[in-house]
Number of protein chains: 2
Amino acid sequence: MARLNATHDPALRSWVESANAPGAEFPIQNLPLGVFRRRGEAAARARGGVAIGDRILDLAAAVGAGLFAGGAAEEAARAAAGPALNPLMAMGNAAASALRARVSALLAAGAPERARVEPLLVPMAEAEMLPPAAIGAFTDFLTSTYHTERGGRRTRPDSPLPPNFKHLPVAYNSRASSVRVSGEAVRRPNGQRQRPDGTVHFGPCEALDFELELGLFVGPGNPLGEPVHMDFAPDHMFGYCLLNDWSARDIQRWESHPLGPFLSKSFATSISPWVVTGEALEPFRAPAFPRAAGDPEPLPYLRSEADRREGLMDIRMEAFLLTPRMRERGEAPARVTATRFANMYWTFAQMLTHHMSNGCNLRPGDLLGSGTASGPTDESRACMAELTEAGTQPLALPNGETRRWLEDGDEVIFRARAERDGFVPIGFGECRGRIAPAPAWPRGRDDV
Amino acid sequence: MARLNATHDPALRSWVESANAPGAEFPIQNLPLGVFRRRGEAAARARGGVAIGDRILDLAAAVGAGLFAGGAAEEAARAAAGPALNPLMAMGNAAASALRARVSALLAAGAPERARVEPLLVPMAEAEMLPPAAIGAFTDFLTSTYHTERGGRRTRPDSPLPPNFKHLPVAYNSRASSVRVSGEAVRRPNGQRQRPDGTVHFGPCEALDFELELGLFVGPGNPLGEPVHMDFAPDHMFGYCLLNDWSARDIQRWESHPLGPFLSKSFATSISPWVVTGEALEPFRAPAFPRAAGDPEPLPYLRSEADRREGLMDIRMEAFLLTPRMRERGEAPARVTATRFANMYWTFAQMLTHHMSNGCNLRPGDLLGSGTASGPTDESRACMAELTEAGTQPLALPNGETRRWLEDGDEVIFRARAERDGFVPIGFGECRGRIAPAPAWPRGRDDV
């Protein structure tokens, strides 16, 4: 782990006391980036910030106050001070690293700049988080063998994994326009599906699901026609968020053959607002998923020694369900999933390299979803389709309620934490979304 | 055809003489919109223009010269004068119609403004065409029964059409970042595929194909969560172009199960630079594809009387192939496809309504591809996979050459024309792309 530096020092503490609390998601070792505004401010005031404890360091204000006097850190802070982080993402990881080093110094206990920085902190409770980037494209992968096999067993019991699964990271283009930040309601989609009797209907989705994933924001990216060698894929990996790939299973089943999921996914995708940088996650790197006897060796273009050694990350990921009844009664959300990112058969470097391998150009702020991060155990099933065996076995919640699929008013909450002995754990914040009822079908020209 | 007006009058002629030539693609009845700059001008000079004969009316210059004095036409011209037509697309079709009426008046034979307008015409030969819009999303459909059945017969001889085909317009999200305007070279992609012996390889595509489609640019679009009734879908249909959905068939075959085509399509898509507006195409409206006995009635959300009566358009579409040998010898390109847009089982209004039916938000400048517009006859096969039965029956070209798939140096050229007795035919201009060799695989960190 040669890329550790002073910002990772577990002894480091911040003068922002809430950052030092045990279990704090945003200690000084994290410093994720996001875009926010104070509640009530005009949309045009959206600007970049860094999370520290329960505060946000306002980067626009910090630049204005001259706290990044010159050099790479100031250039990076300026790029992150606007209404989207794309300009910073475009600069590459050295820029983000310079910014991180300077912010760490400003926020560290004993920092001489404390008196100048303290007025620039915005309480998270007074802020509204916005999408961290203008997302030009969203690509979703399918990379957990456990998730794929549980799904495949129902339809292809003899060979639940598709033949290509262990040769390439399977993916599809999903919809960028409907990616929304945590907290925005998710409207149940209307859609077309085939009932078991063969009849085809249109109406509100009857099998609404979540998918617990990690998202990757792309850094500089590549020009059209110019693939990138896997050795350099990490240079294009800016940072990570939680991602809920909401899925309408009934619509998906009917529409997906032969061209893949479309409307079953494009009605909404939720992401957590804080982007945890690759540098913040350096202490938590983990080996690639172990290949079993008989598993094909990845083709050379998807292979690198460094990636095999540390291509994954030790991140625990959890999903909670908060039903309307729990909300009314003041009950805590029920944890329905506890899994680990290290369950993924492919690494993000492999996903990114494969994505660019045909010359397809990726751009700063493009978003890649890891695929549902299910693991081998029952508690690590990371979507309702797995938890309920496609709606056939209701999930029992601790308060006596059951669920086959998500119901209106249900709220799904994701959390994640990178952990390793000897390091301060860092969190991702929340990715939440509450299901709103499907819209009534709009009126036509002749409807009264 | 209540929506015909003075701009469609077949007797109308322009003082730009080249627009009046028999067979001219851009007569005064057409007036398509595009974005251009003079060759050699800086990128920032990109601006909107209207094609007339072999000239482009510079909209930025025309606005500056006060030729749209006030009102809706001036507002629309300003929205179209910048480096992308998205602002005009966002305004809706009434704005485009006001602009069309005024431009038609300015360019009509006898126009008193001729002396002021003439200096603002740029010869097409001196212009470089740029993408007409910033394309936020590109969705590709599969709507010709003929194309789908020819493909399906190889893999599913008993039921070549997927079960959902006649119930919904099948589609997938494709890649917007790699859409390029006519004339840009198309690099053969590298990719992964499975050989008949079961082994898996990575290298230059061995089955490169074109697909002849029509593209639709979306107008205002809809907010997330708010579907649009089919009656109002035409309000969101701005205009049309030719679209070549380049396809790597070997990569496609291997990667597409279970999530659909991905890298086999995302390496490049070519579009013609001129956007022919819906209003220009009003005279050429045609009934929806006739349903046969046994075909399901479209579900109510995909049905409107107006669409059944005139949801398609009479557009002839052609594909030509220009090989390196033809180029060397000065031979004309060989026509390989002659088909009609009226072959499509679904209309663009149905595609758009379906796309929005789950609440997915479409935005101005989003692009929809019609799917390969193949017809029932041999000459109307609109891709190489059909023309050569998946590469097994070489296509014989008039000069004695043969092709199973596209070779390096081959250039594919699309043309299209809307025609109807009693009206002046209008053209789409060209959509061209020449195949460049696959890039060598880039070097890694340790490669010398």
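Just so we're clear, the structure is a prediction, and the values are computed from it rather than from any experiment.

S.K.: Could you clarify how one ought to interpret the overall build of chain A in this entry?
M.R.: Counting secondary structure elements, chain A contains 12 helices and 27 strands. Counting only C-alpha atoms and orienting by the principal axes, one finds that chain A spans roughly 70 × 55 × 45 Å. With 448 residues in all, chain A has 62% of them scored as buried. Counted over contacts in chain A with a minimum sequence separation of 6, partners at least 24 positions apart contribute 73%. Carbon and sulfur atoms make up 52% of the accessible area of chain A, which totals about 16,000 Å². The average position of the 49 basic charges and that of the 53 acidic charges among the side chains of chain A differ by 2 Å.

S.K.: Even after reading the chapter, I still don't get the interface of chain A and chain B, so can you show me in this structure?
M.R.: By a widely used convention, the size of an interface equals the accessible area lost when the partners come together. Across the boundary between the two partners, chain A contributes 65 residues, which contact 65 residues of chain B. Between chain A and chain B, a total of about 6,200 Å² is buried, with carbon and sulfur atoms accounting for 60% of that surface. It is Arg175(A), Leu259(A) and Phe262(A) that lose the most area in chain A upon contact with chain B, and together they represent 13% of the buried surface on that side. Connecting chain A to chain B are two salt bridges. Arg175(A) serves as the salt-bridge partner of Asp366(B), at 2.7 Å between the closest nitrogen and oxygen. Here chain A is connected to chain B by 25 residue pairs in polar contact (both at pLDDT 80 or more). Listing elements by their share of the side of chain A that touches chain B, those giving two or more residues are β6 (138–142), β7 (170–174), β10 (190–194), β11 (200–204), α7 (249–255), α8 (263–266) and α11 (348–356) of chain A. Ranked by residues supplied to the side of chain A that touches chain B, first place goes to β7(A) with five residues. Looking at the side of chain A that touches chain B, its residues break down into 30 nonpolar, 22 polar and 13 charged.

S.K.: Looking at this structure, I do not really get the domain arrangement of chain A. What am I missing?
M.R.: Residues and elements named next belong to chain A. Split by domain assignment, chain A resolves into domain 1 (6–130) and domain 2 (138–436). Each of domain 1 and domain 2 was reduced to a C-alpha centroid, and the two centroids are 28 Å apart. On the side of domain 2, 31 residues touch domain 1, which itself brings 30 residues to the contact. Carbon and sulfur atoms make up 62% of the area that domain 1 and domain 2 hide from each other, which totals about 2,300 Å². In terms of surface lost to domain 2, no three residues of domain 1 exceed His8, Glu25 and Met89, which account for 28% of the buried area on that side.

S.K.: I keep staring at the environment of Arg78(A) and nothing clicks. Help me out?
M.R.: All names here are of chain A. Relative to the helices and strands, Arg78 resides in helix α2 (residues 71–80). Exposure remark for Arg78: the relative accessible area of 52% places this residue in the exposed category. Along the primary structure Arg78 and Arg417 are separated by 339 residues, whereas in three dimensions their C-alpha atoms are 29 Å apart.

S.K.: Where do I start with the environment of Ala334(A) in this structure?
M.R.: All names here are of chain A. Structurally, the position occupied by Ala334 is in strand β21 (residues 334–340). Sequence separation of Ala334 and Cys360 is 26 residues, and the distance between their C-alpha atoms is 41 Å. The contacts of Ala334, once residues within four sequence positions are left out, are Ala319, Phe320, Leu321, Met326, Leu397 and Pro398.

S.K.: Please explain the packing of helix α2 (residues 71–80) of chain B against helix α4 (residues 93–107) of chain B as it appears in this structure.
M.R.: Each pair of packed helices can be described by the angle between their axes along with the distance between the axes. Residue and element names in this part refer to chain B. Running from amino to carboxyl end, α2 crosses α4 at an angle of 100°, the nearest separation of the two axes being 8 Å. Between α2 and α4, the crossing angle belongs to the class labelled roughly perpendicular. Counted together, Ala72, Ala73, Ala76, Ala77 and Ala80 of α2 and Ala95, Ala98, Leu99 and Arg102 of α4 form the full contact between these two elements. Its residues assigned to classes, the contact of α2 with α4 comprises eight nonpolar, no polar and one charged.

S.K.: Even after reading the chapter, I still don't get the UniProt feature "binding site: Mg(2+)" (unreviewed entry) in chain A, so can you show me in this structure?
M.R.: Residue and element names in this part refer to chain A. The positions UniProt marks with the feature "binding site: Mg(2+)" (unreviewed entry) are Asp245, Lys265 and Thr269. These residues run over 25 residues, yet every pair of their C-alpha atoms falls within 7.6 Å of each other. As for its position among the elements, Lys265 is in helix α8. For Lys265, a relative accessible area of 4% translates into the label buried. Dropping the residues within four chain positions of it, Lys265 is found in contact with Tyr172, Ser174, Glu211, Asp245, Trp246, Ser247, Arg249 and Gln252. Separated by 2.9 Å, the side chains of Lys265 and Asp245 make a polar contact. By the secondary structure assignment, Thr269 is in strand β16 (residues 269–271). Those residues in contact with Thr269 that lie beyond four places of it in its chain are Phe138, Ser178, Val179, Arg180, Leu243, Asn244, Asp245 and Trp246.

S.K.: What's the story with the sheet that holds strand β5 (residues 127–130) of chain B in this structure? I'm lost.
M.R.: The strands making up a sheet associate through backbone hydrogen bonding, with each pair oriented either parallel or antiparallel. Residue and element names in this part refer to chain B. An order of β4-β3-β2-β1-β5 is seen for the five strands of this open sheet, with the pairing classed as antiparallel. This sheet does not close on itself; its edge strands, each paired only once, are β4 (121–123) and β5. Neighbour to neighbour, the strand axes of the sheet diverge by 50° on average, direction disregarded. In the sheet, strand β1 (residues 33–38) pairs with β5 via four bridges, with the strands oriented antiparallel. When the bridges of β5 are listed, Arg38 appears paired with Ala127.

About the thresholds
- Residues numbered from 1 in each chain as written.
- Chains lettered and ligands numbered in written order.
- Predicted model: local features only at pLDDT ≥ 70, side-chain atom pairs only at ≥ 80, totals over all residues.
- Heavy atoms only, no water.
- Helix = DSSP H or I, 4+ residues; strand = E, 2+ residues; numbered from the N terminus.
- Buried < 20%, exposed > 50% of the residue type's maximum accessible area, 1.4 Å probe, protein only.
- Contact = heavy atoms within 4.5 Å.
- Areas by Shrake-Rupley, 256 points an atom, 1.4 Å probe, with all protein chains shown as cover.
- Lys, Arg positive; Asp, Glu negative; His and termini not counted.
- Charge placed at Lys NZ, Arg CZ, Asp CG, Glu CD.
- Buried area = accessible area lost by both parts, 1.4 Å probe.
- Salt bridge = Lys/Arg side-chain N within 4 Å of Asp/Glu carboxyl O.
- Polar contact = N/O pair within 3.5 Å; in protein donor to acceptor, adjacent residues only side chain to side chain.
- Nonpolar A, V, L, I, M, F, W, Y, C, P; charged D, E, K, R; others polar.
- Domains from an automatic or database assignment.
- Axes fitted to C-alpha atoms, helices over the stretch in contact; angles between N-to-C directions.
- Parallel < 35°, antiparallel > 145°, perpendicular 65-115°, else oblique.
- UniProt positions renumbered as here; feature names shortened; annotations may be inferred.
- Pairing = 2+ DSSP bridges.

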